[in-house]
Amino acid sequence: MKLELDGVSKRYGTATALDSVSLSVDNGEFFTLVGPSGCGKTTTLRCIAGFESPTDGEVRFDGESMTGVPPEARNVGVVFQNYALFPHMSVGENVAYGLRFADPPGGVSRDERVSELLELVDLAGFEDRDPDSLSGGQQQRVALARALAPGPDLLLLDEPMSALDARLRERLRQQVKRIQSELGVTTVYVTHDQSEALAVSDRVAVLNRGRVEQVGDPRDVYHRPRTEFVAEFVGENNVLHAVVESRLETGGVEVAVGDQSFVLDTGDNSVGESLTFCVRPEDLHVDAEENQIRGTITDTEFQGATTRIRLDWEGTELTVVVADDGDERFQVGSELVVGFDPDAAHIVA
Ligand code: ATP
């Protein structure tokens, strides 16, 4: 099913939760809404499901307006952050609850449908178990089975992994992704975790303060952030505000940030114009020969394969990711020179 949001706004009194959101999700697509807390992800999902009515704009399923259509008539499966299983019902009864508004698809009985779904989420034979006796990840898979039981046209997942630990989250999101692509069900997934969004999605929409900042496939959004917000939120880019000093004959520009000059391969801005560019933490290299920055290390964070270093450069905080841990240059309080290749810089709006 193709899902469209056309200029959807939602206001609560004077507060604007969504500000003219337009999105189009293709049939079978795994589409993710990502953004910080309060940016409007859940409100978007609630408008799609029909739990909220947009103040303005329209939600359409396969071109048909959903205005005035109640949630139970939309054939949408929803999984929330907190598993919301009924504790007094068995696992099987919980899954069967998903069929309260619809007969099982494919002409099978309810019990057969429940077994099918439990098998799909790798919980075959769990029908008679108590939800309480299951792990968090298993409970979320039951919630997923319940949402999928009626064969929904659209699956909505609202931070379904956020209560789980990191390892389990990774496993479960792979399972969700596999099941989604097996079924080919159009899916809208909500998360505040940019790495999760990049890992599972066909496309992502980055939301900020109720507005869509950018829509694109994960690589596009990561490599070509269009705005400063997206650059910082996705990939934790270092964002620098500069003024163009000269245009280079080879293309690109020389810019000044404070009294320091940098050469960028991109940009055809005029001399004197302001621009904002970003450089990813992994593109700032120790001992790089070009575009050097001398800063003071304020913090280091060992992350296993890499170490994340915070650098204070004349009042601007920069983030650098380096591979070699234990290097004695990486001590808090030490000076460190990093630099970046002119083609690693990316200009944002
Ligand atoms: P989180 O990740 O924290 O769940 P979110 O991105 O899902 O955040 P929403 O829950 O959609 O954000 O909220 C968007 C904005 O709308 C927030 O500022 C929130 O306070 C406001 N909001 C949401 N629901 C209501 C409501 N029922 N009444 C008033 N304001 C609301």
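Keep in mind it's a predicted model, so treat the numbers as computed, not measured.

1. Some remarks on the overall build of the chain
Okay, step 1: Each helix and strand in the chain was counted, giving 8 helices and 20 strands.
Okay, step 2: Each of the three principal axes of the chain carries a C-alpha extent, and together these read 70 × 45 × 35 Å.
Okay, step 3: Counting the 349 residues in the chain, one finds 38% classified as buried.
Okay, step 4: Long-range pairs, those at least 24 residues apart, make up 64% of the contacts in the chain with a sequence separation of at least 6.

2. Here we look at the pairing of strand β8 (residues 186–191)
Okay, step 1: The buried fraction of β8 is high, at 6 of 6 residues.
Okay, step 2: By the alternation rule, side chains of β8 split into T186, V188 and V190 and T187, Y189 and T191, which are all buried.
Okay, step 3: By the bridge criterion, 5 bridges tie strand β3 (residues 30–34) to β8 in an arrangement that is parallel. Across the sheet, residue L33 finds its bridge partner in β8, namely V190.
Okay, step 4: Looking at chain direction, strand β7 (residues 154–158) and β8 are connected through 5 bridges and run parallel. Bridging across to β8, L154 finds its partner in T186.
Okay, step 5: The β-α-β motif built from β7, the intervening helix α5 (residues 166–183) and the parallel element β8 has right-handed crossover chirality.

3. Topic: the site of the ligand
Okay, step 1: In the vicinity of the ligand, the residues found are Y12, A15, A17, G35, S37, G38, C39, G40, K41, T42, T43 and H192.
Okay, step 2: Of all the secondary-structure elements, those providing two or more residues to the shell around the ligand are β2 (15–25) and α1 (41–49).
Okay, step 3: Top contributing element to the shell around the ligand by residue count: α1, with 3 residues.
Okay, step 4: Looking at the shell around the ligand residue by residue, the classes come out as 4 nonpolar, 7 polar and 1 charged.

4. Considering α5
Okay, step 1: Over its 18 residues, α5 runs 26 Å from end to end, which matches the ideal 26 Å to within 8%, given 1.5 Å per residue.
Okay, step 2: Of the residues making up α5, those classed as buried are R169, L172, R173, V176, I179 and Q180. Buried residues along α5 cover an arc of 130° about the axis, so they all sit on one side. More than 90 degrees from the buried face of α5, the exposed residues found are R167, Q174, R178 and E182.
Okay, step 3: Positive backbone phi, approximately 65°, marks G184, located one or two places after α5.

Scoring rules and cut-offs
- Residues numbered from 1 in each chain as written.
- Predicted model: local features only at pLDDT ≥ 70, side-chain atom pairs only at ≥ 80, totals over all residues.
- Helix = DSSP H or I, 4+ residues; strand = E, 2+ residues; numbered from the N terminus.
- Buried ≥ 20, exposed ≤ 12 C-beta atoms within 10 Å, placed from the backbone.
- Contact = placed C-beta atoms within 7 Å.
- Pairing = 2+ DSSP bridges.
- Right-handed = clockwise from strand over helix to strand, strands pointing away.
- Near = placed C-beta within 6 Å.
- Nonpolar A, V, L, I, M, F, W, Y, C, P; charged D, E, K, R; others polar.
- Expected span 1.5 Å × (residues − 1).
- Arc of directions from axis to C-beta.

As far as function goes, none of this settles anything; it's purely spatial.
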